[in-house]
Amino acid sequence: MGNVSLTLLGGFSAAVDGMPVAESAWRLKKARELVKLLALAPSHRLHREQVMDLLWGDRGPGAAANNLNQAVYLARRA
């Protein structure tokens, strides 16, 4: 992976090695929200249970874990 830069104030945008990530690359809003959470977290790390509770607190643990896996996959692809 190359150099990743994020803009969080005034709207969200991401770039990899200076090339902007297209808005259409973020197939899920939750993938974008996951990246935002990690960017703002201390040391850019959160426990998976914290993320699942923040993003999918209304879902059961199994469904939240599946959604997290999908969001991580799509965030990496974006």
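Here the residue numbering is sequential within each chain, running from 1 through the sequence in written order. Only residues with pLDDT of at least 70 are given local features in this predicted model, and only at 80 or more are side-chain atom pairs given and counted; all residues enter the totals for whole chains, interfaces and linings. Where side-chain values are given, they derive from all heavy atoms of the structure, hydrogens and water being excluded.

K.L.:
Honestly, the pairing of strand E1 (residues 4–7) in this entry has me stumped. Any pointers?
P.N.:
Looking down a regular strand, the side chains alternate between one sheet face and the other. Strand pairing is defined by DSSP finding a minimum of two bridges between the two strands. Helix and strand definitions here come from DSSP, where helices need a minimum of 4 consecutive H or I residues and strands a minimum of 2 consecutive E residues; each element is numbered from the N-terminal end. Pairing between E1 and strand E2 (residues 13–16): 4 bridges, direction antiparallel. Across the sheet, Ser5 pairs through a bridge with Ala15, a residue of E2. Remark: 5 residues form the turn of the hairpin made by E1 and E2, two consecutive strands paired antiparallel; Gly10 in that turn has positive phi of roughly 75 degrees.

K.L.:
Could you clarify how one ought to interpret the pairing of E2 in this entry?
P.N.:
Across 2 bridges, E2 lies against strand E3 (residues 19–20) in antiparallel orientation. Each residue of the ladder has a partner; that of Ala15, found in E3, is Pro20. Linkage of E2 to E3, two consecutive antiparallel strands, is achieved through a turn of 2 residues, within which Asp17 is found at a positive phi near 50 degrees.

K.L.:
Where do I start with the pattern of salt bridges in this structure?
P.N.:
A pair can form between side chains of opposite charge whenever their charged atoms are brought close. Every case where a carboxyl oxygen of Asp or Glu lies within 4 Å of a side-chain nitrogen of Lys or Arg is listed as a salt bridge. One pass over the structure, following the stated rule, counts 3 salt bridges. We note a salt bridge from Glu33 to Lys29, for which the minimum N-O separation is 3.7 Å. Remark: Lys29 and Glu33 occur in helix H1 (residues 29–40); sequence separation between them is 4 residues, near one turn of the helix. Glu33 is the salt-bridge partner of Lys30, the closest N and O atoms lying 3.9 Å from each other. Note that Lys30 and Glu33 are positioned in helix H1 at a spacing of 3 residues, about one turn of the helix. A 1.4 Å probe rolled over the protein chains alone gives each residue an accessible area, and that area as a share of the maximum for its type sets the label: buried under 20%, exposed over 50%, partly exposed in between. With relative accessibility at 30%, the residue Lys30 sits in the partly exposed group. The structure contains a network of salt bridges with shared partners spanning Lys29, Lys30 and Glu33.

K.L.:
I'm lost on the side chain of Arg32 in this one. Help?
P.N.:
Its place among the elements puts Arg32 in helix H1. Of the residues examined, Arg32 reaches a relative accessible area of 16% and is grouped as buried. With near-sequence residues (within four places) excluded, Arg32 lies in contact with Phe12, Glu23 and Trp26. Residues count as neighbours in contact if any of their non-hydrogen atoms are within 4.5 Å of one another.

K.L.:
I would appreciate a short explanation of the sheet that holds E1 in the present structure.
P.N.:
What holds strands together in a sheet is hydrogen bonding between their backbones, with the strands either parallel or antiparallel. Pairing in this open sheet of 3 strands is antiparallel, and the strands run E1-E2-E3 from one edge to the other. Both outer strands of the open sheet, E1 and E3, are each paired with one neighbouring strand and no more.

K.L.:
Hey, could you run me through the packing of H1 against helix H2 (residues 48–56) in this one?
P.N.:
Between two packed helices, the angle of one axis relative to the other and the distance separating the axes together describe the packing. What counts as an axis is a line fitted to C-alpha atoms, over the stretch in contact for a helix, and the angles between N-to-C directions run from 0 to 180 degrees. Interhelical geometry of H1 versus H2 gives an angle of 130 degrees and a closest axis separation of 11 Å. The angle between the axes of H1 and H2 places the two elements in the oblique class. Handedness of the H1/H2 crossing: right-handed. Residues Lys30, Glu33, Leu34 and Leu37 of H1 form the contact with H2, whose participating residues are Val51, Leu54, Leu55 and Trp56. Only Asp, Glu, Lys and Arg are considered charged, only Ala, Val, Leu, Ile, Met, Phe, Trp, Tyr, Cys and Pro nonpolar, and every remaining residue, Gly among them, polar. For the contact of H1 with H2, the residue count by class is 6 nonpolar, no polar and 2 charged. In this scheme, roughly parallel covers angles under 35 degrees and roughly antiparallel covers those over 145, while 65 to 115 is roughly perpendicular and the rest are oblique. Left-handed is the label given to a crossing in which the near helix is rotated counterclockwise from the far helix by less than a right angle, and right-handed is the label when the rotation is clockwise.

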